[in-house]
Amino acid sequence: MHLFRPAVLATSLLVILSTDQFSHRAQSQNSNPEASTQITPPAPSVDLPAALTDPAVQERQDLMFSSKPAEGKYFGRHSALTEREMTMARTAWSYFVKRFQPETGLVNAVGSYPSTTLWDTASYMSALVSAHELGIIDKREFDRRATKLLGTLRNLDLYRGEAPNKVYNTETGEKVNYANQPGEVGFSVLDMGRMLVWLRIMKERYPYLANGIDNVPMRWNYCNIVEDDGRLFGSIVNGQGETRYVQEGRLGYEEYAAKGFALWGFDVAGALDPAPLAYTNIYDVDVPYDGRDPRVFHNQNYVLTESYLLDGLEMGWDLPINDPDGPGVASQGWRAEFAHRIFLVQQRRFEQTGIITARSEHQVEGKPYFVYDSVFADGYPWNTLDPSDVYQPDRAAVAAKAAIGMWALWDVPYTDLLFETVADLSEEDGGFYEGLYENGNGYIPLQTANNNGIILAALLYKVQGPIMQFKNDNTSFWDMAYSGTDIRANKCLPEPMVQEITCCSCANAVQIEPAVPWDEFKYCKPLDRENGIAATDCRPEEQVFAKPEPRLVLPAACRADWSTQ
């Protein structure tokens, strides 16, 4: 099982390692020229492009970093697409035209290789919604593709009758092993979480598809997936062919996947909680990473950009409920704060070293086929590792999806530079390439569903803001099916028609301190809300936020007594 996206496809080989195949590899100081947990930024020694120093851009930068809820603005860019951006959207969609499999309605995850995962299929759904909303395809084509896809998803042969297999053949819809041969290899709860996000987005935006959408997750059995404490478990197959259920995900991806389950009514508090947390200081930015020890839990703590980008583009860093504050306020405030730090440290790296930086996991041509291009991993910043934890510095790249995603979410001069770096890294009939190598070895000559789907979502975000829109308040088949029977309990489905009454001792409940308390917010202004700490007004410099303290007054009865004296 991969730490973040268990199912990873390559053009000629699918590379997936289970949890017990990871090795904790110690890196020597000499193996990484930038290896240091603490980095002291040197005096600027690079000449920034005029676009980054021109005072004329300051007004636009200030505007982005002060998204005011009262003005109805969401984070980042907000305007119609330019002619050039619309051309980019059509180019990204061309991948899904070229790699579409008409028999199943699925799309290849990587180029011509006929295999996919739930994660990559969700990226196709991202592209499908975006292409329709941007006017690239009409409703007839959207409906044709959507209904065909939902029919296939509804009838997938599940892993041992429980949940979708990690990998499927796109030509036949059969579950396959890592060599794309008939077989099964377990299921990924992170891939399922991303799929649940996009099923819910489609259900909210297009209520006429709700019946078909509800029937997809209705077939799954969640008893071994969602634990009583709200943690999420995937499965792998051990050497004896037995199923092992393993906690899946680390900081960033775990919470993103949990939102997918929460959108469908599951109690996943354990997976939504960012604790335990740790921080490493890079270029004066406290970068958060998962505090669980990889030597104990056998999962690497990669810090990557993608999960924070997806959360911002799709849900505006909100909790998985309708946000009463609206645009410009992230109701899950720590997600906005951490996303801002992940972005800011990449901008700082460019400012200090001249290396254009937009890091994410991505495919590469030839071995090792796939890398985690991290901000921080295994004790070192800017550590590029393959799935076996082998250091692969020559595979570090400016990821196209990360560059365009950050451009959409942060309207600052640096993201203008990122945009220009990858905006034309494509072919008209086939979509965008994965990215541009940092070392000057050219572009990565691979095109993928995930890359092009995220680019389309970023362009839709620029036009409409966060893609999740709570519009469908109709009675839901997902909520009502099998009510009053034991079927829901046997499959561990949520019970929205059963409500617990308030306990008699709740008045004395202990207040739990949030994992990211008020005083740890440095770049995004925290806001007290009923559901926790929200955030707004993110800025490029550290800020100090005094927590509002209540004004103490005498009770009304005491004030009346005092007035008579």
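Everything quoted here is computed from the prediction, not taken from an experiment. Residue numbers run consecutively from 1 along every chain, following the written order of its sequence. Selection of residues for local features in this predicted model requires a pLDDT of at least 70, selection of side-chain atom pairs for listing and counting requires 80 or more, and totals for whole chains, interfaces and linings are taken over all residues. Where side-chain values are given, they derive from all heavy atoms of the structure, hydrogens and water being excluded.

Novice: Can you break down the packing of aromatic side chains residue by residue, with the values?
Specialist: Centre distance within 6.5 Å is the pairing criterion for rings of Phe, Tyr and Trp, where only the six-membered ring of Trp is used; planes under 30 degrees apart are then read as stacked, over 60 as edge-to-face, and the remainder as tilted. Inspection of every chain in the model, using the stated rule, returns 29 aromatic pairs. Here Tyr95 and Phe96 contribute two aromatic rings whose centre-to-centre distance is 5.3 Å and whose plane-to-plane angle is 80°, an arrangement assigned as edge-to-face. Each member of the pair, Tyr95 together with Phe96, is buried. Note on Tyr302 and Tyr372: the rings are 4.1 Å apart at their centroids and 25° apart in plane angle, and the pair reads as stacked. You can see Tyr302 sitting in the loop between α10 (294–297) and α11 (306–315) and its partner Tyr372 sitting in strand β12 (residues 370–373), a full 70 residues away along the chain. Here the term buried applies to any residue with accessible area under 20% of the maximum for its type, exposed to any over 50%, and partly exposed to those in between, with areas from a 1.4 Å probe on protein chains only. Numbered from the N terminus, helices here are DSSP runs of H or I no shorter than four residues, and strands are runs of E no shorter than two.

Novice: Describe helix α13 (residues 400–409), naming the residues involved and giving the relevant values.
Specialist: Given 3.6 residues to a turn, an α-helix orients residues that are three or four positions apart in the same direction. Most of α13 sits inside the fold, with 10 of its 10 residues counted as buried. Among all positions in α13, only Ala400, Lys401, Ala402, Ala403, Ile404, Gly405, Met406, Trp407, Ala408 and Leu409 are buried.

Novice: An account of the pattern of salt bridges is needed here, citing residue identities and associated values.
Specialist: What makes a salt bridge here is a side-chain nitrogen of Lys or Arg within 4 Å of a carboxyl oxygen of Asp or Glu, nothing more. Enumeration according to the criterion identifies 33 salt bridges in this entry. Glu204 is paired through a salt bridge with Arg200; the nearest N and O atoms lie 2.8 Å apart. Of this pair, Glu204 and Arg200 both sit in helix α6 (residues 189–205), four residues apart, which is roughly one turn of the helix. Each of the two residues, Glu204 as well as Arg200, counts as buried.

Novice: Just give me the short version of the sheet that holds strand β15 (residues 384–385), but keep the residues and values in it.
Specialist: Read from one edge to the other, the open sheet built from three strands follows the order β11-β12-β15, with strand pairing classed as antiparallel. In the strand order of this sheet, the two ends are held by β11 (361–363) and β15, each with one partner. Between any two strands, at least two bridges found by DSSP are needed for them to pair. Taken together, the two bridges between β12 and β15 define a ladder with antiparallel strand orientation. When the bridges of β15 are listed, Tyr372 appears paired with Leu385.

Novice: Tell me what's going on with helix α5 (residues 139–154), and back it up with residues and numbers.
Specialist: How far a helix is expected to stretch is found by multiplying one less than its residue total by 1.5 Å. Over its 16 residues, α5 extends 22 Å from the first C-alpha to the last, a length consistent with the 22 Å expected when each residue adds 1.5 Å. Considered for burial, the residues of α5 that qualify are Phe142, Asp143, Arg145, Ala146, Leu149, Leu150, Thr152 and Leu153. Two residues form a contact once any of their heavy atoms are found within 4.5 Å. Lining the buried residues of α5 we find α3 (83–98), β1 (100–101), β2 (106–107), α4 (118–133), α6 and α7 (210–218). Backbone nitrogen of Arg140 and a side-chain oxygen of the N-cap are separated by 3.3 Å at the start of α5; the cap is Asp138. Pairing of N or O atoms within 3.5 Å defines a polar contact, subject to two protein rules: one partner must be a possible hydrogen donor and the other a possible acceptor, and residues neighboring in sequence count only if both atoms are side-chain atoms.

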